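Below, each chain spelled out in residue letters.
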Amino acid sequence: MTSTEPLVERMRGFGTTVFAEMSVLAARTGALNLGQGFPDTDGPPEVLEAAVRAVRDGVNQYPPGLGHLVLREAVSRHQSEWYGLDYDPETEVLITTGATEGVSAALLALCEQGDEVVALDPTYDSYAAAATMAGAVLRPVTLHPPDFALDLDAVRAAVGPRTRVLLVNSPHNPTGRVLTEQELQGLADIAVEHDLWVLCDEVYEHLTFDGRVHRPLATFPGMRERTLQVSSAGKTFSVTGWKIGWLCAPPQLVRAVNATKQFLTFSGGAPFQPAVAVGLGLPREHFASVAATLQAGRDLLSEGLRAAGLEVFRPEGTYFVIADIAAIGERDGVEFCRSLPARIGVVAVPAQVFYADPASAATLVRFAFCKRPEVLAEASERLSRL
Ligand SMILES: *Cc1c(COP(=O)(O)O)cnc(C)c1O
């Protein structure tokens, strides 16, 4: 046995990720890391202080399986105040170990062997692995540059007799696309017509630009009862290492997801939970100022990329911008990203790794702009040497 490949066959495509490779490169070369999406500034001081206080106050043991009530109540209030959605904190809110666990636990709970999950492509890297662990298969619906608009006919064509879940991520990583009202309505129509569960990854719900507002799919008629809305504190409060997420859904769906979630982690992050509750209660100006700062970062880095000769696809939200290196005569994003740290001291990620068909996105590269202005300015200066 020990001489054979230890990793099970179904997971072989998910060995070392390009993120791990690029982060090692960043650490070894000291390059500016615009690869992985994490901010280089800390979150709101009152949120950080609340976590410290909770540790000192002894909030250090297993939280209840559903999560601390104070956070479930804060999530419920947030849903109601921002979106007019009512979720009962006792039965309709589940605290998870980041949005990643929320998505994985939901797919494990909802998919039978061989079921299909229709998802916007490119996809966040955990989706395909989570679907595979659940015995399900992703059916990608590709968003194409320059605008990454959603082709609703392609969604309809992807839905078949085995489709169980529609997995929607908006604002969308890695394209930065925010789905329009019409696109969301189209998805809602398809979900109702085919009686699908709808799993919404909304971790960038507060990080939208140019006056755009995020509207959850659960707010459309006929959707609340079939929608599992997943979000997380990591992106909104710049605390990606805390891994505190939540899932809102009708009681039978929360019970189903909790049935799998309890055996993944049971529960965790005890002292961070009341701190995130403080964050969710911050005034609206706080959320607006975080988005405005990020928008300025987008503009700064986009200008640098454009000045360096790359074609830039303007993101409407998230931490990321996609640029096309074909404009500077490059052919392959993987080779480009491998050489970039040594060439100019910048790390980025080839966007093709997010696509079901990598060849179709060979020259697209993703850059993270959730960094301090001086870092983005320095990155722009280095990019100008290309
Ligand atoms: C960052 C990210 C996540 C992960 O959220 P965690 O709370 O850190 O688990 C999930 N989905 C998308 C689209 C992301 O970009």
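About the thresholds
- Residues numbered from 1 in each chain as written.
- Predicted model: local features only at pLDDT ≥ 70, side-chain atom pairs only at ≥ 80, totals over all residues.
- Heavy atoms only, no water.
- UniProt positions renumbered as here; feature names shortened; annotations may be inferred.
- Salt bridge = Lys/Arg side-chain N within 4 Å of Asp/Glu carboxyl O.
- Helix = DSSP H or I, 4+ residues; strand = E, 2+ residues; numbered from the N terminus.
- Buried < 20%, exposed > 50% of the residue type's maximum accessible area, 1.4 Å probe, protein only.
- 1 Å grid on protein atoms, 1.4 Å probe; cavity = no way out; pocket = protein on both sides within 12 Å on 5 of 7 lines; lining within 4 Å.
- Points joined across faces, edges and corners; volume = space filled by probe spheres on them.
- Nonpolar A, V, L, I, M, F, W, Y, C, P; charged D, E, K, R; others polar.
- Near = heavy atom within 4 Å.
- Polar contact = N/O pair within 3.5 Å; in protein donor to acceptor, adjacent residues only side chain to side chain.
- Areas by Shrake-Rupley, 256 points an atom, 1.4 Å probe, with all protein chains shown as cover.
- Patch = residues over 30% accessible without salt bridge, like charges linked within 9 Å, V, L, I, M, F, W, Y side chains within 5 Å.
- Pairing = 2+ DSSP bridges.
- Axes fitted to C-alpha atoms, helices over the stretch in contact; angles between N-to-C directions.
- Contact = heavy atoms within 4.5 Å.
- Parallel < 35°, antiparallel > 145°, perpendicular 65-115°, else oblique.
- Left-handed = near helix turned anticlockwise from the far one by under 90°.

Under the annotation held in an unreviewed UniProt entry, the chain carries the name Pyridoxal phosphate-dependent aminotransferase and is attributed to Auraticoccus cholistanensis. The UniProt entry for the chain carries the following comment under Sequence similarities (unreviewed entry): "Belongs to the class-I pyridoxal-phosphate-dependent aminotransferase family."

Let's talk about the pattern of salt bridges
On inspection of all chains with the given rule, the structure shows 23 salt bridges. Residue Arg338 is joined to Glu21 by a salt bridge in which the shortest nitrogen-to-oxygen separation is 2.6 Å. Here Arg338, found in helix 12 (residues 333–344), pairs with Glu21, found in helix 1 (residues 18–29); they are 317 residues apart in sequence, far enough to count as distant. A residue is classified by how much of its surface remains accessible, and Glu21, at 28% relative accessible area, is partly exposed. A salt bridge links Arg156 to Asp153; the nearest nitrogen and oxygen atoms lie 3.0 Å apart. With a gap of three residues between them, Arg156 and Asp153 both fall in helix 6 (residues 152–158), about one helical turn apart. When its relative accessible area of 55% is taken as the criterion, Asp153 is described as exposed. Where salt bridges share partners, they join Arg177, Glu183, Asp210, Arg212, Arg298, Asp299, Arg314 and Glu316 into one cluster.

What to know about empty space enclosed by the protein
Enumeration over the complete set of coordinates arrives at one cavity of 30 Å³ or more. Counted as a void, the largest cavity has a volume near 40 Å³. If you go around the largest cavity, the residues you meet are Val168, Ser170, Leu184, Cys200, Glu202, His214, Arg215 and Leu217. When grouped by side-chain class, the residues that make up the lining of the largest cavity number four nonpolar, two polar and two charged.

Details of the site of the ligand
Taken together, the residues surrounding the ligand are Gly98, Ala99, Thr100, Tyr124, Asn169, Asn173, Asp201, Val203, Tyr204, Ser232, Lys235 and Lys243. Asp201 places a polar side-chain atom, nitrogen or oxygen, 2.6 Å from a nitrogen atom of the ligand. In this structure, Lys235 approaches the ligand through a side-chain N or O atom, which is 3.1 Å from an oxygen atom. Coverage of the ligand by the protein chains reaches 94% of its 390 Å² of free accessible surface.

Focus on a nonpolar patch on the surface
Together, Leu108, Met133 and Leu264 make up an exposed nonpolar region whose accessible area comes to about 250 Å². Inspection of the secondary structure assignment puts Met133 in helix 5 (residues 125–133).

Focus on the UniProt feature "domain: Aminotransferase class I/classII large" (unreviewed entry) in the chain
Sequence positions flagged by UniProt for "domain: Aminotransferase class I/classII large" (unreviewed entry) are, in local numbering, residues 32–382. Taken end to end, residues 32–382 has its terminal C-alpha atoms 10 Å apart, with 41% of it in helix and 16% in strand.

Regarding the sheet that holds strand 7 (residues 227–232)
Ordered by their spatial adjacency, seven strands build an open sheet running 2-8-7-6-5-3-4, and the pairing between neighbours is mixed. This sheet does not close on itself; its edge strands, each paired only once, are strand 2 (93–96) and strand 4 (137–142). Sheet twist, expressed as the mean angle between neighbouring strand axes with direction ignored, is 20 degrees. Contacts between helix 3 (residues 69–83) and the sheet are confined to strand 2, strand 7 and strand 8 (245–248), with strand 2 contributing the most and set at about 115 degrees to the helix.

Considerations on the packing of helix 4 (residues 98–110) against helix 9 (residues 251–264)
Between helix 4 and helix 9, whose axes approach to 8 Å, the crossing angle comes to 110 degrees. Comparing the axis directions of helix 4 and helix 9 gives the class roughly perpendicular. Considering the relative orientation of helix 4 and helix 9, their crossing is right-handed. Where helix 4 abuts helix 9, its residues Glu101, Ala105, Ala106, Leu108, Ala109 and Leu110 lie against Leu253, Ala256, Val257, Thr260, Lys261 and Leu264. Of the residues in the contact of helix 4 with helix 9, the class split is nine nonpolar, one polar and two charged.

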